[in-house]
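# Architecture at a glance
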Amino acid sequence: MALGQASGNRLELDGVGKQYDSPGGSIQALADVSFEVSPGEFVCLVGPSGCGKTTLFRIVAGFEQPTTGTVRPERTTEQMNMGIVFQEYHLFPWRTVGGNIRFGMEQLDIPTDKQRERTQQLVDLVGLEGFIESYPKSLSGGMKQRVALARALAVDPSLLLMDEPFSAVDAQTRRRLQENILDIQEETRKTILFVTHDIEEAIKLGDRVVVMDKNPGQIAEVIDIDLSRPRSRTTPAFGNLYERVLDHID
Ligand code: ADP
Ligand code: MG
């Protein structure tokens, strides 16, 4: 499980739609969503609350079936194993930091010495040196999300899929986590699909930004972010991109 090379398949969404039916009526949560994420690419999906971001996340993760269209490869096939990070940390409270990170490796029957070595690597990668024996309840929100990220990376996923992963932490922690995920992406060359409602976050992180609008949730524009990193929101180029995204969302 080497770190550092882009691997895995291209993720392709083709004409994905989702309708929720209930006794009170039906909701077209997504309509005709098509885009691709290439191996090693960092794509941010941004849009207002209710535009179907979590629905799309759940479909890509394989938790939900689309009503129309296809997602390739499917999660159930061997080619696409995923590391998933939710907004709420979803850690196992009865396991230590190390135990949480090891979880997926245990499921895959990876040899114990390999598990130990890789857990240590990941603890260092996400900046949790010294906390390997700690329990989640003793950690801050930002630290918990670092554990969730390390746990997601532990199975060497071909896609890292994150739904508003930094929404529950304070602004300062959020900025640090943003820097972290960029460093991690640079080091591991993971393919990332990162969902956020925060325009600044999307422009700061993404190689490309998929902008969605709502009723029904659909793609408004896909924007290449041609800015070198680190990106400062105070530059005119950043400001222009911000306005361009905002135009769709207002
Ligand atoms: P976002 O994550 O962008 O805020 P969601 O994907 O959560 O958007 O929701 C998109 C739309 O689909 C909303 O109108 C929401 O109320 C509706 N919706 C989401 N999940 C369900 C569900 N399980 N049943 C019915 N409607 C749903
Ligand atoms: Mg959501």
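The paragraphs below set out a description of the structure included in this document. (Residues numbered from 1 in each chain as written. Chains lettered and ligands numbered in written order. Predicted model: local features only at pLDDT ≥ 70, side-chain atom pairs only at ≥ 80, totals over all residues. Heavy atoms only, no water.)

With respect to topology, six strands assemble into an open sheet ordered β5-β6-β7-β3-β8-β9, the strand pairing being mixed. A single partner strand is all that each edge strand has here, and the edge strands are β5 (82-85) and β9 (218-224). Between one strand and the next, the sheet's axes are offset by a mean angle of 15°, whatever the strand orientation. Relative to the sheet, helix α1 (residues 53-61) contacts β3 (42-46), β5, β6 (159-163), β7 (192-196) and β8 (208-213), its axis offset from that of β6 by approximately 150°. (Pairing = 2+ DSSP bridges. Helix = DSSP H or I, 4+ residues; strand = E, 2+ residues; numbered from the N terminus. Axes fitted to C-alpha atoms, helices over the stretch in contact; angles between N-to-C directions. Contact = heavy atoms within 4.5 Å.)

Moving on to the site of ligand 1. Near ligand 1 you find Tyr 20, Ala 29, Pro 48, Ser 49, Gly 50, Cys 51, Gly 52, Lys 53, Thr 54 and Thr 55, and these make up its full shell. One of the side-chain N or O atoms of Tyr 20 is found 3.5 Å from a nitrogen atom in ligand 1. Taking Thr 54, its main chain carries an N or O atom lying 2.9 Å from an oxygen atom of ligand 1. Within the complex, the protein chains bury 60% of what would otherwise be the 570 Å² of accessible surface of ligand 1. Tallying contributions element by element places α1 first for the shell around ligand 1, with three residues. A per-class count over the shell around ligand 1 returns four nonpolar, five polar and one charged. (Near = heavy atom within 4 Å. Polar contact = N/O pair within 3.5 Å; in protein donor to acceptor, adjacent residues only side chain to side chain. Areas by Shrake-Rupley, 256 points an atom, 1.4 Å probe, with all protein chains shown as cover. Nonpolar A, V, L, I, M, F, W, Y, C, P; charged D, E, K, R; others polar.)

We now examine the layout of surface pockets. Computed from the structure, the second largest pocket encloses a volume of approximately 330 Å³. Together, 15 residues line the second largest pocket, and Glu 179, Leu 182, Arg 229, Pro 230 and Arg 231 are the ones closest to its centre. Looking at the lining of the second largest pocket, the elements that each hand over two or more residues are α5 (171-188) and α6 (199-205). Tallied by class, the residues present in the lining of the second largest pocket amount to two nonpolar, three polar and ten charged. (1 Å grid on protein atoms, 1.4 Å probe; cavity = no way out; pocket = protein on both sides within 12 Å on 5 of 7 lines; lining within 4 Å. Points joined across faces, edges and corners; volume = space filled by probe spheres on them.)

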